[in-house]
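One-letter residues, chain by chain:
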Amino acid sequence: MTGSSALTAARRTADLQALGDGAAVDVVVIGGGITGTGIALDAASRGLSVVLVEKHDLAFGTSRWSSKLVHGGLRYLATGNVGIARRSAIERGILMSRNAPHLVTAMPQLVPLLPSMRTPARALVRVGFLAGDGLRALAGTSADTLPCSRRIAADRAIALAPNVRRAGLDGALLAYDGQLIDDARLVVAVARTAAQHGARILTRVAAADATGTSVRLTDQLTGESTVLAARAVINAAGVWAGDVDTALRLRPSRGTHLVLDAAAFGHPTAALTVPIPGELNRFVFAMPEQLGRVYLGLTDEDAPGPIPDEPQPTPDEVAFLLATVNTALDVALTESDVIGAYAGLRPLIDTGAVGADGRGRTADVSRDHAVTESANGVFSVIGGKLTEYRYMAQDVLDRALAERRIAARPCRTTDLPLVGAPANPVGDGRPDAALPRSLVARYGAEASHVFAAATGDRPRDAVAEGIDVTRAEFEYAVTHEGALTVDDVVDRRTRIGLVAADRARVTDVAAEFL
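Not measured: the values here are computed from a predicted model. (Residues numbered from 1 in each chain as written. Predicted model: local features only at pLDDT ≥ 70, side-chain atom pairs only at ≥ 80, totals over all residues. Heavy atoms only, no water.)

Caption draft 1: Layout of the packing of helix α2 (residues 34–45) against helix α7 (residues 183–196). Where α2 meets α7, the axes come as close as 8 Å, and the angle between the chain directions of the two elements is 25°. Relative to α7, the element α2 is oriented roughly parallel. Seen along the crossing, α2 lies across α7 with a hand that is left-handed. Between α2 and α7, the residues in contact are Ile34, Thr37, Gly38, Ala40, Leu41 and Ala44 and Leu186, Val187, Val190, Ala191, Thr193 and Ala194, respectively. Considering only residue class, the contact of α2 with α7 consists of nine nonpolar, three polar and no charged. (Axes fitted to C-alpha atoms, helices over the stretch in contact; angles between N-to-C directions. Helix = DSSP H or I, 4+ residues; strand = E, 2+ residues; numbered from the N terminus. Parallel < 35°, antiparallel > 145°, perpendicular 65-115°, else oblique. Left-handed = near helix turned anticlockwise from the far one by under 90°. Contact = heavy atoms within 4.5 Å. Nonpolar A, V, L, I, M, F, W, Y, C, P; charged D, E, K, R; others polar.)

Laid out in structure tokens, this is it:
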């Protein structure tokens, strides 16, 4: 049975009031990123009463700072971690074919064959791509969804990545992986689908004093607090998980991306994939994205110390990314080409691995996840990667339900379409062909509802000249997607805020709908 998926300020108020009545719930989830919302959806779809609390906004932390990729796990296969590689390929297929085919599409990845790339390196990449094809087939993902890898001629490579270095270009190797239209949009879709199944999704509500049977909740907008009783409490706070359970050992790793105008790369239609000099299995990616941008990433740097709300790129990381991608370009990009930047912290498990620096590189730390239980009974899920969020949610929830002997239906999320997917009740199946392509890319089968629900002036107008986000989308962020502030609208429901100059042009428009 499903209900409304709309997240509104009024619904938030009503849900908080209902919690104040003192009735216990089955599951409380702490953290509104991709893993937390995934747990809430899994639990609610099994028929459990669920409350998710997030002290900021949905996708406020690491979940909005990714590469916007749904990796098939090829890198992990190369390092011998067959388990993560296989799971990643399976989860990618589930997302692309069942959960969110509107948000995850096939992205061509182009490795240019330049003189600097010697024969052994070329052979290694080719073998890796063939192994990736095998992983795709093993996961049951069709070649129609993700085409097979192949070698292409130089003219075809230039058509896909116009500014690729042409001197000595001997064609390219081409493979495909999953690309998200946006990671924060995926989080919102999962949260709204959880709400559709009855979960209470409460942003700007802080959790404290968590135990296995209760947690203190404080409304950040009013300051009012209540103690909520629960049969299971699950910590999915990502890099902040140690604030909930101080016994957890995390080793954050910073991944930085630069935002550039797509024109700087000649408006590519494939991700330019550039080997990092001296590394066997690491690359820098220049990925074409929405809003006419290219995201250039990514780094993997140790990030010790206090966890900031918004990590910042370092000058060295900016220089490293530009220098690496320039080895494969006919143009020389400089810092003046960078129109924005962002950094996120991976919540890696501290395995205590020792290297020459006493700790080892974060690039070598496992991307696997772990489920733990604290001394006072709080379950935590730590580590992992975005692609595996559904599997991680199922893993921690299965353990919590078994340990607490909570009866529930089996997991349903492998076949559960998210809001916006053609098979979800919220939507029109196939979007109207007359709708803007950018709107359909972000909302899928729900795209026509965005305009139909609009009550403001000029809903089809762009929020600013040259930005393909409509006024209706800003309104929908408030009336259906839980946005409570201008920042929520500009920085997370849309990604306009990644470019400061664009952000300044649209904040007043966002304020109109609040």
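The structure having been displayed, the exposition proceeds.
Caption draft 2: Focus on the nonpolar core. Counting 83 residues, the largest nonpolar core has Leu110, Leu186, Ile201, Phe265, Leu272, Leu296 and Val325 as the members making the most contacts within it. The element that contributes the greatest number of residues to this core is α7, accounting for nine residues. There are two domains that each give this core at least three residues, and those are domain 1 (9–63 + 184–248 + 365–415) and domain 2 (108–178 + 250–349). Leaving out residues up to four positions away in the same chain, Leu296 has contacts with Thr256, His257, Leu258, Leu260, Val284, Phe285, Ala286, Leu321, Leu322 and Val325. Counting residues in each nonpolar core, the second largest holds 19 residues, with Trp65, Val111, Phe129 and Val259 among its members. (Core = buried A, V, L, I, M, F, W, Y, C linked by side-chain atoms within 4.5 Å. Buried < 20%, exposed > 50% of the residue type's maximum accessible area, 1.4 Å probe, protein only. Domains from an automatic or database assignment.)

Caption draft 3: Quick peek at the domain arrangement of the protein. For the protein, the assigned domains read domain 1 (9–63 + 184–248 + 365–415), domain 2 (108–178 + 250–349) and domain 3 (437–512). The distance between the C-alpha centroids of domain 1 and domain 3 comes to 27 Å. Contacts between the two partners involve 13 residues from domain 1 and, on the opposite side, 13 residues from domain 3. Joining domain 1 to domain 3, the criterion identifies five salt bridges. The interface formed by domain 1 and domain 3 holds eight residue pairs in polar contact (both at pLDDT 80 or more) in total. Taken together, the elements giving at least two residues each to the side of domain 1 that touches domain 3 come down to α1 (9–19) and α7. The greatest single-element share of the side of domain 1 that touches domain 3, amounting to four residues, is contributed by α7. Residues belonging to the side of domain 1 that touches domain 3 are distributed by class as follows: seven nonpolar, one polar and five charged. (Salt bridge = Lys/Arg side-chain N within 4 Å of Asp/Glu carboxyl O. Polar contact = N/O pair within 3.5 Å; in protein donor to acceptor, adjacent residues only side chain to side chain.)

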